[in-house]
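Chain residues, written in single-letter form:
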Amino acid sequence: MKAINFNPVDFEPVRQIALQFPDASDSLSHYDTPSIKIKKNLLCRLHENGEWLAVRTDFESRERFLEEYPESCFIMPHYKDYPYICLYVNSYSRELLKEVLETGFKAITEKKQK
């Protein structure tokens with residue numbers, strides 16, 4: 001059985017930024033972890049171990065974030081082939097979090113417009 005050990009309070013800074021996007025809403029993801037969706041598309045979620053967030057982005061931005069912010073950003077093997085980046089909880093600045101969330105929002109909404 002997988003260890004589930006998260007504190008929803010760690011997701012609050014994410015919520016404050018992400019819920020400002022059009023069509024953003026609170027949701028629950030795997031193991032009832034807090035997440036934000038844009039319509040039905042996952043923007044971000046708190047991992048059930050409480051140690052990191054998974055955030056939608058695009059592959060080009062992901063590479064840039066990994067290079068510029070190695071102390072905050074990483075990629076789990078599970079997400080290697082998907083346009084997500086992982087951020088360690090409490091290791092990122094508000095500015096970085098906002099930038100990553102904005103790239104995810106754009107990736108979701110631009111995909112829908114095509």
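What this report covers is the structure whose coordinates are included nearby. The numbers attached to residues start from 1 for each chain and follow its sequence in the written order. Local features are withheld for residues below a pLDDT of 70 in this predicted model, meaning they are given only at 70 or higher, and side-chain atom pairs are given and counted only at 80 or more; totals for whole chains, interfaces and linings count all residues. Side-chain numbers here rest on the full set of heavy atoms in the structure, without hydrogens or water.

1. A word on the sheet that holds strand S1 (residues 24–28)
Counted only if it meets this: Note on pairing: two strands pair once DSSP finds at least 2 bridges between them. Numbering of helices and strands starts at the N terminus; helices are DSSP runs of H or I of at least 4 residues and strands are runs of E of at least 2.
The strand order across the open sheet formed by 6 strands is S1-S2-S3-S4-S6-S5, and the pairing between neighbours is antiparallel. Edge strands, defined here as strands with exactly one partner in the open sheet, are S1 and strand S5 (73–74). Sheet topology note: the strand S4 (residues 52–56)/strand S6 (residues 84–88) ladder contains 5 bridges and is antiparallel. The residue bridging tryptophan 52 from the neighbouring strand is tyrosine 88, located in S6.

2. What to know about unusual backbone geometry
To keep it simple, the criterion reads: Accessibility here uses a 1.4 Å probe with only protein chains present; expressed as a share of the type maximum, an area under 20% marks a residue as buried, one over 50% as exposed, and anything in between as partly exposed.
Of note, the phi angle at aspartate 23 is positive, near 65°, even though the residue is not glycine. The topology assignment puts aspartate 23 in the loop between helix H1 (12–18) and S1. Given the relative accessible area of 48%, aspartate 23 is considered partly exposed. Of note, the phi angle at lysine 39 is positive, near 55°, even though the residue is not glycine. With respect to the secondary-structure elements, lysine 39 resides in the loop between strand S2 (34–38) and strand S3 (41–46). Under the relative-accessibility criterion, lysine 39 is labelled exposed at 58%.

3. Things to note about the pattern of salt bridges
Under the convention used in this document: Think of a salt bridge as a Lys or Arg side-chain nitrogen and an Asp or Glu carboxyl oxygen that are within 4 Å of each other.
All chains considered together, the criterion is met by 5 salt bridges. The salt bridge partner of arginine 64 is glutamate 99, with a shortest N-O separation of 2.7 Å. Taken together, the residues span a long stretch of sequence, with arginine 64 in helix H2 (residues 59–68) and glutamate 99 in helix H3 (residues 94–113) at a distance of 35 residues. What makes arginine 64 partly exposed here is its relative accessible area of 30%. Relative accessible area serves as the criterion here: at 26%, glutamate 99 is assigned to the partly exposed category.

4. Re the side chain of threonine 57
Spelled out, the test is: The definition of a polar contact used here is a pair of N or O atoms within 3.5 Å, where within protein one atom must be able to donate a hydrogen and the other to accept one, and adjacent residues in sequence count solely through side-chain atom pairs. Contacts are assigned to residue pairs that have any heavy atoms within 4.5 Å of one another.
Structurally, threonine 57 is set in the loop between S4 and H2. For threonine 57, a relative accessible area of 0% gives the class buried. A polar side-chain atom of threonine 57 sits 2.9 Å from a polar atom in the side chain of threonine 103. In contact with threonine 57, other than residues within four places in its own chain, are Arg62, Phe65, Pro83, Tyr84, Ile85, Thr103, Gly104 and Ala107.

As far as function goes, none of this settles anything; it's purely spatial.
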